[in-house]
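# Analysis of the macromolecular model
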Amino acid sequence: MELTGKATAISRREFFKQGSSAAAATAGLAALGAPAILRGQNLNSRINFGVIGTGSRGCYMTRLIAGGAVGQITDVCDIYPPHLAEGAKDSKNGKVRSHEQWQKLIEQKDIDAVLVSPPLFLHVPCSIAALEAGKHVFSEKSMGLTVKQLNEMTACVEGHPDKVYMVGYQSRLKNSFAEVKSLVQSGAFGKITQFYVHYDRNITWRKEIEDPKWERVLNWRMYREYCGGILTELLTHQIDMVLDIIGTRPVKASCEGKIMVYNDGRENHDSIMGYLELEDGVLGVCSGHLSNARWGSCFAIHGTHGTIELMDRAYRIFWEKETRHLQTVGVKHKFTQIKLGQSLNVSDAPITEPDKLVEAGDSTEDGSTKALEHFYACVRDGAKPVMDAKSARKTSIAALTLYHSTLNGGRQFTVEEIEAMG
Ligand SMILES: NC(=O)c1ccc[n+]([C@@H]2O[C@H](COP(=O)([O-])OP(=O)(O)OC[C@H]3O[C@@H](n4cnc5c(N)ncnc54)[C@H](O)[C@@H]3O)[C@@H](O)[C@H]2O)c1
């Protein structure tokens, strides 16, 4: 949700730049039209955040919160002392409480919300404990590592309708994504037939650890006990966006996983490629690699009348020119009537030039900042977040279906089989 709708006197960027002074916070909240007494139970005028897992992501979010006006960090938690110290420093709060056990953080009565940012296998236990203790929860993606966890999480969220539970798929809040979603859902691209999601990096994921006791704690992305590798850590973002746009359920998947480069004892693959089928027969190619970053991260949705590809803040549209024949098989579309080579009318579609690259959203747009704003607005208004439990569960089910296939030599799994594991 854009704060600018209510905050016309103060831009979003200015709002977040104002820092953590109480005066700035009050000005920011007034501009937002927030009531003097906010709706959330025990909610302070700014959200008191406890952060579990102050590694790379937890510290990034801690710095965003500490430098903005939605809240303050009162508590940090990490089992690795150097990261705990870093989180405490980044909180910019001289009185911040530090914990080595996440249960202790959740016990703190004056925490309004918990930001859950440890490795994936802990997302659900921490989130459930926090909701049950009366806190709002901002959980990093993905939702959970097993179907059992997903089911427990969903049940817990349903049992606490007065609390906000949001999963950190921040890309869904970006303007570029909103434009792509609206274009696809308007039917501009005709009948959707296929999609492509990929997330490629050239990164080992291995951190050099001096004391072996921290190997699995800090190199958790490599081990199956803690996460599903590329599928739950990277590709999940792209799968999440495509499922949100197309709107249908995943039904089956097949995926190969290999270790192509990093033969260092890791269990999770450094290279995966497969397909995911949705309930209306739409097929998607899903791939991810840790050894070549050429294609970066992107998704493409193809239909009978065109294709749209989203790369972060820019999207590219390709219109199909040869579409009149589709009438003969009963595919009706407003563009089917055009003559070959004839350009489309501007009033029919906002973007008419083939191969056009559209920059969407301002260059300062940061999904994580928007996610914090959205979380704040949901807590304030008692509203349901866009990245809610239901949609995050659907994304996780798709990723886990692909993941289980990689663990079983690429054999096809139906979603029913995966659901039955719960
Ligand atoms: N939304 C996004 O775009 C985005 C980006 C990066 C990471 N993430 C997610 O954030 C989470 C953390 O990723 P990261 O890159 O910060 O990893 P990281 O390894 O840098 O940090 C994880 C931290 O959790 C700590 N930890 C492990 N077990 C713990 C326990 N029992 N109690 C408390 N702390 C514990 C580790 O010591 C480490 O400091 C992951 O779920 C990841 O998928 C999301």
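Residues numbered from 1 in each chain as written. Predicted model: local features only at pLDDT ≥ 70, side-chain atom pairs only at ≥ 80, totals over all residues.

An unreviewed UniProt entry lists the protein under the name Gfo/Idh/MocA family oxidoreductase, from Candidatus Glassbacteria bacterium RIFCSPLOWO2_12_FULL_58_11.

### Examining helix α3 (residues 56–66)
Rule in force here: A residue is called partly exposed when the number of other C-beta atoms within 10 Å of its own lies between 12 and 20, exposed at 12 or fewer, and buried at 20 or more, with C-beta atoms placed from the backbone. Think of it this way: any DSSP run of H or I at least four residues long counts as a helix, any run of E at least two long counts as a strand, and we number them from the N terminus. When we speak of the arc, we mean the arc of directions from the helix axis to the C-beta atoms. Residues are scored as being in contact if the C-beta atoms we place from backbone atoms lie within 7 Å.
Those residues of α3 not exposed but buried are Gly58, Cys59, Met61, Thr62 and Ile65. All buried residues of α3 project into a common sector of 165° when viewed along the axis, lining one side. Elements in contact with the buried residues of α3: β1 (47–52), β2 (71–77), α4 (81–90), β4 (113–116) and α11 (367–381).

### A short note on the nonpolar core
Put simply, the rule reads: Only buried Ala, Val, Leu, Ile, Met, Phe, Trp, Tyr and Cys residues enter a nonpolar core, and they are joined through C-beta atoms within 7 Å. Source of the domain bounds: an automatic or database domain assignment.
Among the nonpolar cores identified, the biggest contains 98 residues, and Val114, Val242, Ile301 and Ile308 are the most heavily contacted of them. Each of domain 1 (3–171 + 367–388) and domain 2 (173–362 + 396–415) contributes no fewer than three residues to this core. In this structure, Ile301 is in contact with Val184, Phe189, Ile192, Phe195, Val242, Ile245 and Ile308, ignoring residues within four places of it in sequence. Among the nonpolar cores identified, the runner-up in size contains five residues, and Leu120, Leu145, Tyr226 and Cys227 belong to it.

### Side note on the site of the ligand
Applied cut-off: A residue counts as near a molecule or strand when its C-beta atom, positioned from the backbone, falls within 6 Å of it.
Close to the ligand lie 25 residues, the nearest being Gly53, Gly55, Ser56, Arg57 and Tyr80. Looking at the shell around the ligand, the elements that each hand over two or more residues are α3 and α9 (215–218). With three residues, α3 is the single largest residue contributor to the shell around the ligand. In terms of domain composition, the shell around the ligand takes at least three residues from each of domain 1 (3–171 + 367–388) and domain 2 (173–362 + 396–415).

### Considering unusual backbone geometry
Omega for the bond connecting Lys141 with Ser142 falls within 30 degrees of zero, at -5°, which places this linkage in the cis form. Along the chain, Ser142 turns up in the loop between β5 (136–139) and α7 (147–159). Backbone geometry places Lys92, a non-glycine residue, at a positive phi of 55°. Since 16 C-beta atoms lie within 10 Å of it, Lys92 is described here as partly exposed.

### Brief notes about the packing of α3 against α11
The criterion, for reference: Between N-to-C directions, angles cover 0 to 180 degrees, with each direction set by a line fitted to C-alpha atoms, over the stretch in contact for helices. Angles below 35 degrees are treated as roughly parallel, those above 145 as roughly antiparallel, those between 65 and 115 as roughly perpendicular, and all remaining angles as oblique. Here a crossing is called left-handed whenever its near helix is offset anticlockwise from the far helix by less than a right angle, and right-handed whenever the offset is clockwise.
The geometry of α3 relative to α11 is characterised by a closest axis approach of 11 Å and an angle of 60° between their N-to-C directions. The orientation of α3 with respect to α11, classified from their angle, is oblique. Seen along the crossing, α3 lies across α11 with a hand that is right-handed. Between α3, through Met61, Leu64 and Ile65, and α11, the contact on the second element is made entirely by Ser368, Thr369 and Leu372.

### A word on the packing of α3 against α4
In the contact formed by α3 and α4, the axes pass within 9 Å of each other and the chain directions differ by 15°. In terms of orientation, α3 lies roughly parallel with respect to α4. Like other packed secondary-structure pairs, α3 and α4 cross with a definite hand, here right-handed. Residue-level contacts link Gly58, Cys59, Thr62, Arg63 and Ala66 of α3 to Glu86, Gly87 and Asp90 of α4.

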